[in-house]
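# Descriptive structure summary
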Amino acid sequence: MNQNLSPEAIVQQQLDAYNARDLETWLATYADDAQQFEHPGKLVASGKAEIRERSRLRFEEPNLHARLIQRSVMENMVIDHEEVTRTFPEGTGTIRLVAIYQVVNGKIQSGSFLFGTKTLD
């Protein structure tokens, strides 16, 4: 990952790797000490090892795909509104979410996620 890329470009690399279900490339967009939160402040993973473990099974889902609905950028903050197709424990479906990324030195330092309601197929 290139430290000279814009925060928007870093988050786009992360989204592209997510949609390719490429866990290692996706993780490479995150700082070693990155944190993930369920909005507004519930810490769900701290550091790449925890982020990897939290995401590993999701990346094995054959239908995993995030569709970007809207993106806003303000300095080093990138806010994405997405619709994600997944295989949930209850079955396949979609969920809308808002992801708020803070990018520092060319890496995602934190991600905070606000989840909507699941819609099952």
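Calculation criteria
- Residues numbered from 1 in each chain as written.
- Predicted model: local features only at pLDDT ≥ 70, side-chain atom pairs only at ≥ 80, totals over all residues.
- Heavy atoms only, no water.
- Phe/Tyr/Trp six-rings, centres within 6.5 Å; stacked < 30°, edge-to-face > 60°.
- Helix = DSSP H or I, 4+ residues; strand = E, 2+ residues; numbered from the N terminus.
- Buried < 20%, exposed > 50% of the residue type's maximum accessible area, 1.4 Å probe, protein only.
- Pairing = 2+ DSSP bridges.
- Axes fitted to C-alpha atoms, helices over the stretch in contact; angles between N-to-C directions.
- Contact = heavy atoms within 4.5 Å.

Let's shift gears to the packing of aromatic side chains. Under the criterion given, the structure shown has 5 aromatic pairs. With a centroid separation of 5.9 Å and 80° between ring planes, the pair formed by Y101 and F113 is classed as edge-to-face. Of the two residues, Y101 sits in strand β5 (residues 91–104) while F113 sits in strand β6 (residues 107–120), which places them 12 residues apart along the sequence. Looking at Y101, the relative accessible area reads 3%, which means it is buried.

Moving on, we get to the sheet that holds strand β3 (residues 65–74). In a beta sheet, neighbouring strands pair by backbone hydrogen bonds and run either parallel or antiparallel. Read across the sheet, 6 strands follow the order β2-β1-β6-β5-β4-β3 without closing on themselves; strand pairing throughout is mixed. Since the sheet does not close on itself, it has two edges, and those belong to β2 (42–46) and β3, each with one partner. Between one strand axis and the next, the sheet turns by 25° as a mean value, whatever way the strands run. Sheet topology places β5 next to β6; 11 bridges connect them, and they run antiparallel. Paired with G93 across the strands is L120, a residue of β6. Sheet strands touched by helix α1 (residues 7–19): β1 (30–38), β3, β4 (77–88), β5 and β6. Its angle to β3, the strand with the most contacts, is close to 175°. The strands touched by helix α3 (residues 48–55) are β1 and β2; relative to β1, the strand with the most contacts, the crossing angle is about 55°.

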